[in-house]
Amino acid sequence: MKYGRAILKDVEGYVPGEQPKHGNIIKLNTNENPYPPSPKVMDVLRQIGPDALRKYPDPAAAKFRETYARHFDYPGPEWVLLGNGMDELLALAIRTFVDPGDAVLASYPTYSLYEVLCQLHDCRMEYVDLDERFQLTERFFGCAARMCLLTRPNAPSGVSSPREDVERLCRTFDGIVVIDEAYVDFADDDCMDFPKRFDNAVVMRTFSKSFSLAGMRLGTAVARPEVIQELLKVKDSYNMDAVSQAVALAALEDYGYMQANAAKVRATRARLRAALIALGFTVPESQSNFLLAQWDRSPSAREIFDALRAQNIVVRYFNLRRLQNALRISVGTDEECDALLDALRGIVG
Ligand SMILES: Cc1ncc(COP(=O)(O)O)c(C=O)c1O
């Protein structure tokens, strides 16, 4: 395309997981929550009046930010930012803190959007491989870059790293450390206290997974006020529409509902993992709402993916280094997981 920017020539763009158009599908490919959002969210949606749509929304999302800060024991809204999904906040952080040409550090494998965002901003993605147990290595801690993106729990392995490793990173890394906690509500611990303790720590979360609101696009960042201030300069003034702000607040105020669903997902995850291991898969212990089922026998992981697809069961296959012999499987309801296991028994059993 002769009018496009030169850097776009080699950019393919991010390829999201398939969203099948017809209904009769068991969809375990994009880590959505199998349970519906809080009934309080649905009430708020029904109550949206014409004025909420006629007028511009609050550009500062003040009410939400205040409530979020209080919920997580932070001094005030100046520590919080609300974004149009975490993906928006990740892009915003790169545009705010990384100059084109500079490096962004991440472990590999990780959330593949990071690399695309770096390409679009014309900065360099510096990957350091995780070890065979999907843990950070010594080399990772020795790397210099403008920003570090750390997915904890990691995607697509589901494995978490010790909090002490993240502490060490924040202490020694000379740049912004984004701790991507997209899946943290399914984990045993978190790093939400880090921005209080480290001036370079940014904790990002999403409402897409644990709050069952992927369709709404809600993400948050918590960091020191001077960090949030820089992000505010760069963000679109009206990045959060009025409906999203109302929904985000209602979901936050029904935190216990989210936690109950996360507990159900964790219970199903344990059952599914045990059953996959019994079938011969190698499955690292996951702290997320998905499992990485590794399989280096015949039929290949790709063939298993295709065979499941033919039975209307969609999981995720990444044709990427270290992931070619694996399927990433989102934890669905118990019934969905049983159907998946039945199908797998027919394919590999
Ligand atoms: C590790 C990780 N971070 C961030 C996101 C994006 O979240 P959101 O839906 O809020 O943009 C995802 C979504 O899949 C993810 O897997």
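Note that the coordinates shown come from a computational prediction; the quantities given were computed from them, not determined experimentally. (Residues numbered from 1 in each chain as written. Predicted model: local features only at pLDDT ≥ 70, side-chain atom pairs only at ≥ 80, totals over all residues. Heavy atoms only, no water.)

Attention shifts here to the packing of helix 11 (residues 255-278) against helix 13 (residues 334-348). As a packed pair, helix 11 and helix 13 sit with axes 10 Å apart at the nearest point and diverge in direction by 5°. The angle between the axes of helix 11 and helix 13 places the two elements in the roughly parallel class. Counted together, T268, R271, L272, A275 and L276 of helix 11 and D334, C337, D338, L340, L341 and L344 of helix 13 form the full contact between these two elements. Its residues placed into classes, the contact of helix 11 with helix 13 shows seven nonpolar, one polar and three charged. (Axes fitted to C-alpha atoms, helices over the stretch in contact; angles between N-to-C directions. Helix = DSSP H or I, 4+ residues; strand = E, 2+ residues; numbered from the N terminus. Parallel < 35°, antiparallel > 145°, perpendicular 65-115°, else oblique. Contact = heavy atoms within 4.5 Å. Nonpolar A, V, L, I, M, F, W, Y, C, P; charged D, E, K, R; others polar.)

Here we come to helix 13. Over its 15 residues, helix 13 extends 21 Å from the first C-alpha to the last, a length consistent with the 21 Å expected when each residue adds 1.5 Å. Every buried residue belonging to helix 13 is among C337, L340, L341, A343, L344, I347 and V348, and all of these are buried. Taken down its axis, helix 13 places every buried residue within 165° of arc, on the same side. Among the exposed residues of helix 13, those oriented more than 90 degrees off its buried face are E335, D342 and G346. Taken together, the buried residues of helix 13 touch helix 11, helix 12 (301-310), strand 10 (313-314) and strand 11 (326-330). (Expected span 1.5 Å × (residues − 1). Buried < 20%, exposed > 50% of the residue type's maximum accessible area, 1.4 Å probe, protein only. Arc of directions from axis to C-beta.)

Looking now at the sheet that holds strand 5 (residues 147-151). With mixed pairing, the seven strands of this open sheet are ordered in space as 2-8-7-6-5-3-4. Strands with a single pairing partner mark the edges of an open sheet, and in this sheet they are strand 2 (80-83) and strand 4 (124-129). Mean inter-strand twist for the sheet, computed between neighbouring axes without regard to direction, equals 20°. Here strand 3 (residues 103-108) pairs with strand 5 via three bridges, running parallel. (Pairing = 2+ DSSP bridges.)

Turning our attention to the site of the ligand. With respect to spatial proximity, 13 residues lie near the ligand, and among them M86, D180, Y183, T206 and S208 are the closest. Interatomic distance of 2.8 Å between a side-chain N/O atom of K209 and an oxygen atom of the ligand. Relative to its unbound accessible surface of 400 Å², the ligand loses 91% to contact with the protein. Of the residues assigned to the shell around the ligand, the class counts are five nonpolar, four polar and four charged. (Near = heavy atom within 4 Å. Polar contact = N/O pair within 3.5 Å; in protein donor to acceptor, adjacent residues only side chain to side chain. Areas by Shrake-Rupley, 256 points an atom, 1.4 Å probe, with all protein chains shown as cover.)

Relative to the elements of secondary structure, A307 occurs in helix 12. Its relative accessible area of 24% is what places A307 among the partly exposed residues. Put simply, A307 and E78 are 229 residues apart on the chain and 50 Å apart in space, counted from C-alpha to C-alpha.

Counting 55 residues, the largest nonpolar core has Y68, I179, L213 and L218 as the members making the most contacts within it. Considering every element that reaches this core, the biggest residue donor is helix 10 (residues 242-253), with seven residues. Residues from two domains meet in this core; each of domain 1 (6-37 + 256-348) and domain 2 (48-254) gives at least three. When near neighbours in sequence (up to four residues on either side) are disregarded, L213 contacts P37, V41, F207, S208, L218, V247 and A251. (Core = buried A, V, L, I, M, F, W, Y, C linked by side-chain atoms within 4.5 Å. Domains from an automatic or database assignment.)

Let's shift gears to the pattern of salt bridges. All told, the structure shown has 25 salt bridges when counted by the stated rule. Ionic pairing is found between R302 and D306, a salt bridge with its closest N-O pair at 3.2 Å. Taken together, the residues span about one helical turn, with R302 and D306 both in helix 12 at a distance of four residues. A residue is classified by how much of its surface remains accessible, and R302, at 39% relative accessible area, is partly exposed. (Salt bridge = Lys/Arg side-chain N within 4 Å of Asp/Glu carboxyl O.)

Domain boundaries assigned for the protein chain yield domain 1 (6-37 + 256-348) and domain 2 (48-254). If you average the C-alpha positions of domain 1 and of domain 2, the two centres end up 24 Å apart. Domain 1 puts 35 residues into the contact, and the matching count from domain 2 is 34 residues. Both faces considered, domain 1 and domain 2 share a buried interface measuring about 2,900 Å² in area, 57% of it formed by carbon and sulfur atoms. Looking at the side of domain 1 facing domain 2, the largest losses of area belong to Y14, Q287 and R322, adding up to 25% of the total buried there. Summed over the shared surface of domain 1 and domain 2, the result is three salt bridges. Here D129 makes a salt bridge to R321, at a shortest N to O gap of 2.9 Å. The set of elements that each furnish at least two residues to the side of domain 1 that touches domain 2 consists of helix 11 and strand 9 (290-294). Counting residues per element, the side of domain 1 that touches domain 2 draws most heavily on helix 11, at eight residues. Classifying every residue of the side of domain 1 that touches domain 2 by side-chain character gives 17 nonpolar, 11 polar and seven charged. (Buried area = accessible area lost by both parts, 1.4 Å probe.)

Attention now goes to unusual backbone geometry. Look at the link from Y108 to P109: it is a cis peptide, with omega at 0°. If you trace the backbone, P109 turns up in the loop between strand 3 and helix 5 (113-121). Here R152 and P153 are connected by a cis peptide whose omega angle stands at -5°. Mapped onto the elements, P153 comes out in the loop between strand 5 and helix 7 (163-172). Its identity as a non-glycine residue notwithstanding, A61 has a phi of 45°, on the positive side. Structurally, A61 is set in the loop between helix 2 (50-54) and helix 3 (62-71). A relative accessible area of 3% means that A61 is categorised as buried. For S212, which is not glycine, the phi dihedral falls at a positive 60°. In this fold, S212 is placed in the loop between strand 7 (201-206) and strand 8 (219-222). Taking relative accessible area as the criterion, S212 reaches 13% and is therefore assigned buried.

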